[in-house]
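Working through the structure, step by step
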Amino acid sequence: MNMTEAFRATAPHPFAYLITRDAQEKCNAMGVSWWTFAAVNPPTLAVCVGNKKHTLDVIRRTNRFSLCLPDQSLREQARKVCATSGAKVDKVKELGIELTAGQTGFPILKKARAVFECEVRQILDLGDHSLCVASILAFSEDQEQEALRTTEEGYTL
Ligand SMILES: Cc1cc2nc3c(=O)[nH]c(=O)nc-3n(C[C@H](O)[C@H](O)[C@H](O)COP(=O)(O)O)c2cc1C
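Everything in this summary refers to the structure shown in the same document.

1. So, the site of the ligand
With respect to spatial proximity, 23 residues lie near the ligand, and among them Met-30, Trp-34, Thr-55, Ser-85 and Gly-86 are the closest. Secondary-structure elements contributing two or more residues to the shell around the ligand are β2 (27–32), β4 (44–50) and α2 (54–62).

2. Brief notes about the nonpolar core
The nonpolar side chains of a soluble globular protein tend to be buried, and buried together. Counting 33 residues, the largest nonpolar core has Ala-16, Tyr-17, Leu-18, Ile-19, Leu-67 and Cys-68 as its most contacted members. Excluding residues that lie within four positions of it along the chain, Tyr-17 makes contacts with Ala-29, Gly-31, Cys-68, Pro-70, Val-81 and Leu-109.

3. Description of the environment of Val-89
With respect to the helices, strands and loops of the structure, Val-89 is situated in the loop between α3 (75–83) and α4 (91–94). Separated by 57 residues in sequence, Val-89 and Val-32 have C-alpha atoms that sit 18 Å apart. Residue contacts for Val-89: discarding those within four places in its chain leaves Thr-84 and Glu-94.

4. A closer look at the pairing of strand β9 (residues 129–141)
Relative to β9, β4 runs antiparallel, the two sharing seven bridges. Looking at the pairing, Val-49 lines up with Ser-130 of β9. Pairing of strand β8 (residues 112–125) with β9 involves eleven bridges; the strand directions are antiparallel. Bridge pairing in β9 places Glu-117 opposite Ala-138. Counting the residues in the hairpin turn of β8 and β9 gives three residues, including Gly-127, whose phi is positive at 130°.

5. Some points on α2
For α2, the set of buried residues is His-54, Thr-55, Leu-56, Val-58 and Ile-59. Residues of α2 that are buried in the fold lie against β1 (16–21), β2, β4, β5 (64–70), β8 and β9. In the segment just after α2, Asn-63 is the residue with positive phi, at about 60°.

So, how was this worked out
- Residues numbered from 1 in each chain as written.
- Predicted model: local features only at pLDDT ≥ 70, side-chain atom pairs only at ≥ 80, totals over all residues.
- Near = placed C-beta within 6 Å.
- Helix = DSSP H or I, 4+ residues; strand = E, 2+ residues; numbered from the N terminus.
- Core = buried A, V, L, I, M, F, W, Y, C linked by C-beta atoms within 7 Å.
- Buried ≥ 20, exposed ≤ 12 C-beta atoms within 10 Å, placed from the backbone.
- Contact = placed C-beta atoms within 7 Å.
- Pairing = 2+ DSSP bridges.

Here you go:
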């Protein structure tokens, strides 16, 4: 099957920054569109992260992330977030990603339509990606912001 055609056929998809913080307190953001709500009680979401991604390494070690839906004004920044790796670049500094402390104290994106602060419960290896299933510890939103979505092509911004 052709996954690119499948992405296009189902686009646009909600897009998010997956924000992590490593043991040295360094924060990173990766762009994700493969995420979904997964349970109501307890509030749960799931996100698929490539097995070679820097973000997955950090999640495996810390079990925490925030999933933040960036405002549409951040489209250019979001493209760069997806085009670089936190293993090589300090994206927060280089791309001017503005973070603040969320309700749990975990870093979240300032200009976000919706924010989910999460703790990972399970990681399931699916092949080239792993499904990270996480409890939503806190939710916040800003109705003044408009969530960024992928283009009609699917896997692009
Ligand atoms: C629109 C779009 C959506 C993406 N969604 C995902 C995703 O859901 N999962 C994933 O593993 N990578 C996804 N990526 C790729 C990552 O954002 C990209 O590889 C990023 O550089 C990884 O960052 P990191 O190395 O700092 O972890 C997406 C890219 C784009 C352009």
